[in-house]
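So you can see what is in the structure, the chains are spelled out below.
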Amino acid sequence: MIANHLAPFGTSVFAIMSRLAAEHNAVNLSQGFPDFDGPDWIKAAAKAAIDTHSNQYAPLPGIPTLRNAIAKRFTRDTNLPCDPDTQTVVTVGCTEAIAATMLGLLNPGDKVVLIEPFYDCYRACVALAGAHVLPVPLRPVITGNKITSMQLDEAALHAAMAQGPKLILINTPHNPTGKVFTREELTLIATLCIKHNVIAVSDEVYERLLFDGAKHISIATLPAMADRTITLSSMGKTFSLTGWKIGWAIGHPDLIAGVRAAHQFLSFSVATPLQHAAVAALEREPEALAQLLPLLQEHRDLLADCLNKIGLTIHTPRAGYFIYADHTALSCRLGVTDDTALCMALIKNPGVAAIPPSAFYTQPADGHSLIRFAFCKKRQTITEAIRRLHTLA
Ligand code: PMP
Ligand code: GLN
């Protein structure tokens, strides 16, 4: 009974792998969520909001205090003005912001440039809007036993942008690779947006989870981009509260009008008490990050070392939740053929779940030699995963 435009996407790989991890009692390094909670003081703010009559529908674009906080934060980060009344909308996580952007701005037959690998909902949301994907690859550059960069295919980008897309959807810092796009790469994308009159949609949910002094740049801050960019984010990663699903879109009033036009009929509004708690969270953001960032970076390093030792060719992420790796040597040793077969084998023995990335490519074969591991987990989870993986060394 599934509609034709959704049928090709089946069930999201995140749901499948988390279910399989539970069934096989595997350590779950597949779906990107922390197995610990965000700060108690944010949870207390949500409980207080529930107890003080904040339990009916919120206004369609989000409660004013949260939109003010989002606008102020954006201005602090980017130096760009932002009118909370016309330039922001609160959504059900960044996922709804992506869907509402596609459904609110695209017409059937429009084209959208996606940089692949991409977060799996991008392609499905483009399809929901009846639009078409123009893929542009990030190619792994392998030097010795490392992926030293995930290189943007500039020729493919030029070619795709010349085909008259309405939007380009970019994601920096990037899931699944942990790449932080450089100013040069963003400048090329911006130049082509201006030249071909394309709107940039920038998914920045990992904007705060930066390692080794990496600097995040919002494409909206590049010359002549502020009025043609929609910047998306959410509080899930920054505050380790992925289940709260509080996200937002920021942009020129004409663009946000499109996002709101879809949002009003997708969800109308977002959980009221959690919006109040989000205001409290954003007021004390540095406090939440001071706890989280050292833990993430340490877990990245521990897991990276282990994955290297078992023969994976890893890309060291400069941000985010994930390590991306080429598994050719390991899968040859284990006698398996592709990403899905390797992930199935690892779930059973030694009992560790990872993500097969073929769902992140328009041509699944492009992901066959790759694998993604999440390190946004408790120390004991990472230690147990490492103990199990070492049996493959
Ligand atoms: N964009 C990217 C790149 C993601 O990795 C995720 C999910 N983790 C999302 C968007 C969705 O964010 P949210 O949970 O706020 O809907
Ligand atoms: N973004 C998370 C990941 O990449 C998963 C989100 C989801 O399950 N939809 O693992």
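Whatever comes next refers back to the structure up there.
Just so you know, these numbers come straight off a predicted model, no measurement behind them. (Residues numbered from 1 in each chain as written. Chains lettered and ligands numbered in written order. Predicted model: local features only at pLDDT ≥ 70, side-chain atom pairs only at ≥ 80, totals over all residues. Heavy atoms only, no water.)

1. Some details on the pattern of salt bridges
Piece 1. Enumeration over the complete set of coordinates arrives at 17 salt bridges.
Piece 2. A salt bridge links Arg19 to Glu23, with the nearest nitrogen and oxygen atoms 2.9 Å apart. Remark: Glu23 and Arg19 occur in helix H1 (residues 13-23); sequence separation between them is 4 residues, near one turn of the helix.
Piece 3. Taking relative accessible area as the criterion, Arg19 reaches 46% and is therefore assigned partly exposed. (Salt bridge = Lys/Arg side-chain N within 4 Å of Asp/Glu carboxyl O. Helix = DSSP H or I, 4+ residues; strand = E, 2+ residues; numbered from the N terminus. Buried < 20%, exposed > 50% of the residue type's maximum accessible area, 1.4 Å probe, protein only.)

2. Looking at helix H8 (residues 183-196)
Spacing of three or four residues puts side chains on the same side of an α-helix, whose turn is 3.6 residues.
Piece 1. In this model H8 runs 20 Å from its N-terminal to its C-terminal C-alpha over 14 residues, within 8% of the 20 Å that 1.5 Å per residue would give.
Piece 2. Of the positions making up H8, those classed as buried are Glu185, Leu186, Leu188, Ile189, Ala190, Leu192 and Cys193.
Piece 3. Buried positions along H8 lie against strand S3 (111-116), strand S5 (146-152), helix H7 (154-161), strand S6 (167-171) and strand S7 (199-203).
Piece 4. Phi turns positive, to about 55°, at Asn197, one or two residues after H8. (Expected span 1.5 Å × (residues − 1). Contact = heavy atoms within 4.5 Å.)

3. Describing the layout of surface pockets
Piece 1. Approximately 440 Å³ is the volume attributed to the largest pocket.
Piece 2. Lining the largest pocket are 23 residues, with Gly32, Thr95, Tyr119, Lys237 and Lys245 sitting closest to its centre.
Piece 3. Considered class by class, the residues forming the lining of the largest pocket number 9 nonpolar, 10 polar and 4 charged.
Piece 4. Approximately 280 Å³ is the volume found for the second largest pocket.
Piece 5. For the lining of the second largest pocket, the elements supplying multiple residues, two or more each, are helix H3 (64-78), strand S8 (229-234) and strand S9 (246-251).
Piece 6. Per-element accounting of the lining of the second largest pocket gives the leading share, 5 residues, to H3. (1 Å grid on protein atoms, 1.4 Å probe; cavity = no way out; pocket = protein on both sides within 12 Å on 5 of 7 lines; lining within 4 Å. Points joined across faces, edges and corners; volume = space filled by probe spheres on them. Nonpolar A, V, L, I, M, F, W, Y, C, P; charged D, E, K, R; others polar.)

4. Digging into empty space enclosed by the protein
Piece 1. As enumerated under the stated definition, the model contains 1 cavity of 30 Å³ or more in all.
Piece 2. Volume-wise, the largest cavity comes out at about 40 Å³.
Piece 3. Together, Ile115, Pro117, Phe118, Tyr119, Tyr122, Leu169, Ile170, Asn171, His174, Asn175 and Phe181 line the largest cavity.
Piece 4. The element that contributes the greatest number of residues to the lining of the largest cavity is S6, accounting for 3 residues.
Piece 5. Split into classes, the residues belonging to the lining of the largest cavity amount to 8 nonpolar, 3 polar and no charged.

5. Details of the site of ligand 1
Piece 1. Around ligand 1, the structure places 13 residues, and the nearest of them are Thr95, Asn175, Asp203, Tyr206 and Lys237.
Piece 2. Contact between ligand 1 and Asp203: a nitrogen atom at 2.5 Å from a side-chain N or O atom of the residue.
Piece 3. Calculation on ligand 1 without its partners gives an accessible area of 400 Å², and the protein chains cover 94% of this total.
Piece 4. For ligand 1, the cavity whose grid points lie within 2 Å of the majority of its atoms is the largest pocket. (Near = heavy atom within 4 Å. Polar contact = N/O pair within 3.5 Å; in protein donor to acceptor, adjacent residues only side chain to side chain. Areas by Shrake-Rupley, 256 points an atom, 1.4 Å probe, with all protein chains shown as cover. Sits in = over half its atoms within 2 Å of the grid points.)

6. Brief notes about the site of ligand 2
Piece 1. The environment of ligand 2 is made up of Phe14, Gln31, Gly32, Tyr119, Asn175, Lys237, Phe322 and Arg372.
Piece 2. Here an oxygen atom of ligand 2 sits 2.6 Å away from a polar atom, N or O, in the main chain of Gly32.
Piece 3. A distance of 2.7 Å is found between an oxygen atom of ligand 2 and a side-chain nitrogen or oxygen belonging to Arg372.
Piece 4. Relative to its free-state accessible area of 300 Å², ligand 2 is covered by the protein chains to the extent of 80%.
Piece 5. Taking a 2 Å distance to the grid points as the criterion, the majority of the atoms of ligand 2 fall inside the largest pocket.
Piece 6. Its residues placed into classes, the shell around ligand 2 shows 3 nonpolar, 3 polar and 2 charged.

7. Considering the nonpolar core
Piece 1. Counting residues in each nonpolar core, the largest one holds 104 residues, and the members touching the most others are Ile168, Ile189 and Phe373.
Piece 2. Setting aside chain neighbours within four positions, we find Phe373 in contact with Leu29, Leu303, Leu307, Leu312, Tyr321, Phe322, Ile323, Leu346, Val352 and Ala354.
Piece 3. Grouped together as the second largest cluster of nonpolar side chains are 29 residues, Ala46, Ala220, Phe239 and Val279 included. (Core = buried A, V, L, I, M, F, W, Y, C linked by side-chain atoms within 4.5 Å.)

8. Some points on the side chain of His263
Piece 1. Mapped onto the elements, His263 comes out in helix H9 (residues 253-266).
Piece 2. Judged by its relative accessible area of 0%, His263 falls in the buried class.
Piece 3. Dropping the residues within four chain positions of it, His263 is found in contact with Leu60, Val89, Val90, Thr91, Glu96, Ala100, Phe268, Ser269 and Val270.

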